[in-house]
Amino acid sequence: MTDYKIKGFSVRSFLRKVGGIMGVIFSIFLICILILVGVLLAWSPGKPAPIVDENGNPLAGSISEKVWVNINGLEQGMFIKSKDINNPVLLFLHGGPGMPEYFLTERYPTGLEEYFTVCWWEQRGSGLSYSGDIPPETMTVEQLVSDTLEVTNYLRDRFHKEKIYLMGHSGGSFFGIQAAAQVPELYHAYIGMAQMTDQLQSEKLAYEYMLQQYKENRNHKMTKRLEAAPPTMTVPLPAAYDSLRDPAMHSLGIGTTRDMKSVITGVFLPSWQNREYTLSEKVNIWRGKLFSMRSLRNTMFATNLTQQVTALDLPVYFFHGRYDYTCSYTLAKDYFEKLKAPIKGFYTFEQSAHSPMFEEPEKMRRIFQEDVLAGANNLADIH
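How each quantity is defined
Residues numbered from 1 in each chain as written. Predicted model: local features only at pLDDT ≥ 70, side-chain atom pairs only at ≥ 80, totals over all residues. Heavy atoms only, no water. Helix = DSSP H or I, 4+ residues; strand = E, 2+ residues; numbered from the N terminus. Buried < 20%, exposed > 50% of the residue type's maximum accessible area, 1.4 Å probe, protein only. 1 Å grid on protein atoms, 1.4 Å probe; cavity = no way out; pocket = protein on both sides within 12 Å on 5 of 7 lines; lining within 4 Å. Points joined across faces, edges and corners; volume = space filled by probe spheres on them. Nonpolar A, V, L, I, M, F, W, Y, C, P; charged D, E, K, R; others polar. Salt bridge = Lys/Arg side-chain N within 4 Å of Asp/Glu carboxyl O. Phe/Tyr/Trp six-rings, centres within 6.5 Å; stacked < 30°, edge-to-face > 60°. Axes fitted to C-alpha atoms, helices over the stretch in contact; angles between N-to-C directions. Parallel < 35°, antiparallel > 145°, perpendicular 65-115°, else oblique. Left-handed = near helix turned anticlockwise from the far one by under 90°. Contact = heavy atoms within 4.5 Å.

Looking at unusual backbone geometry
Omega for the peptide link from Gly96 to Pro97 comes to 10°, which places this bond in the cis form. By the secondary structure assignment, Pro97 is in the loop between strand S5 (89-93) and strand S6 (117-121). Of the consecutive residues Val235 and Pro236, the connecting peptide bond is found in the cis state with omega at -5°. Of note in the backbone geometry, Asn72 takes a positive phi value of approximately 50° without being a glycine. Taking relative accessible area as the criterion, Asn72 reaches 35% and is therefore assigned partly exposed.

Structure (structure tokens):
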């Protein structure tokens, strides 16, 4: 390389110094990455924490496990937790699509394991059940409903129960209510938390509310962004609205929880902190999220459940946060009033947004104890 000198300045020397500095920066960056990976590996043993007594010893008769089961030809993972293995069984269907919620119970304990043997199943293509080998064409609503019924039968057989309880949250309620409608004799009751109804209409109501709130708050920047990106009543939702939706909702306290202002700090970071997942399983939480969203979301958003499921031949309970605009509180209430069932109960959680079991767990447990397990609706707002 020819060395050019200008008034004593050496280009070759300068490039060597720059190259040396860049090499040092790259080395520091690489070391930081290796340290981060090492910390994540050390923090990800992937073993379920035992349920312990007051002395810190494993509680006799309890269960705490992570297990994979062949469900309709695919190995699917789940956490099963209970203080007493003889408790009634509750199958929990997480939201999303493709967003497991078990890892959030570390930050937001539900206490459900006190009364139930809880199965936190991670659905086909999600979290523990994600695999790059899953054919995208198998990711259908019909398949997820069929999987729900197969997991139900696995739990019935394993724990020797004629019936179990079925609870769906948000996206999980989309599959759950259809499974309960198809084979009601498998379940003591269906519980819909943040029950999906007509999601495109829900998005319209959420948009109108957010726009009004940002105008009243004189947040001109967000008002202009929303005005430039309205949702449509068709799928897929416009990319401009979709990218704005979550941060706009969480900033107003109408997203995942009333006090969660960011999905990054409220959901993403906790997913890496839970020690009961291995590092590869934590990566798969987010790979599965993207995979499931691409496969299922448009169909779910385009389906009006209020027309598809009009009656259930079993007790039905809806838990809904007053401030929930992710799945409209108003639409869920209207749907509930029209839904036919032998026993019904609608419960408003006055301090909650989208996740009452995380936001008001004491109230939820009381409803489970006094109404759901008793087959009653005495605490309900609407019977």
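There is more to say, and it comes next.
Some remarks on the layout of surface pockets
In this structure, the largest pocket spans a volume of roughly 760 Å³. Gly96, Met99, Arg245, Asp246 and Lys289 are the residues nearest the centre of the largest pocket, which is lined by 35 residues in total. Taken together, the residues of the lining of the largest pocket break down into 16 nonpolar, 13 polar and six charged. What lines the second largest pocket is a set of 16 residues, among which Lys81, Tyr102, Thr105, Glu113 and Glu276 lie closest to the centre. Taken together, the residues of the lining of the second largest pocket sort by class into six nonpolar, four polar and six charged.

Quick look at the pattern of salt bridges
Evaluated as defined, the whole model comprises 12 salt bridges. A salt bridge links Glu65 to Arg158; the shortest N-O distance between them is 2.4 Å. Separated by 93 residues along the polypeptide, Glu65 in strand S3 (residues 63-71) and Arg158 in helix H2 (residues 141-159) bring together distant segments of the chain. Judged by its relative accessible area of 30%, Arg158 is partly exposed. Note that Lys81 is salt-bridged to Glu276, the shortest N-O span being 3.3 Å. With a gap of 195 residues between them, Lys81 in strand S4 (residues 74-82) and Glu276 in the loop between helix H7 (263-273) and helix H8 (279-302) connect regions that are remote in the sequence. The exposure classification of Lys81 matches that of Glu276, with both residues buried. Each of Glu203, Arg245 and Asp246 takes part in a single network of salt bridges with overlapping partners.

Side note on the packing of aromatic side chains
Under the definition given, this model contains 22 aromatic pairs. Centroid distance Phe268 to Trp286: 5.2 Å. Interplanar angle 55°. Geometry classified as tilted. Of this pair, Phe268 sits in helix H7 while Trp286 is found in helix H8, placing the two residues 18 residues apart along the sequence. In this structure Phe268 comes out as partly exposed when scored by relative accessible area, which is 30%.

Describing the environment of Asn153
Here Asn153 shows up in helix H2. Residues Asn153 and Leu186, spaced 33 residues apart in sequence, show a C-alpha to C-alpha distance of 8.1 Å.

Some thoughts on the packing of helix H4 (residues 199-216) against helix H5 (residues 220-227)
Where H4 contacts H5, the two axes come as close as 8 Å, and the packing angle between them is 150°. Judged by the angle between their axes, H4 and H5 are roughly antiparallel. Along this stretch, H4 crosses H5, giving a crossing that reads as left-handed. Where H4 abuts H5, its residues Tyr207, Met210, Leu211, Tyr214 and Lys215 lie against Met222, Thr223, Leu226 and Glu227. Grouping the constituent residues of the contact of H4 with H5 by class yields six nonpolar, one polar and two charged.

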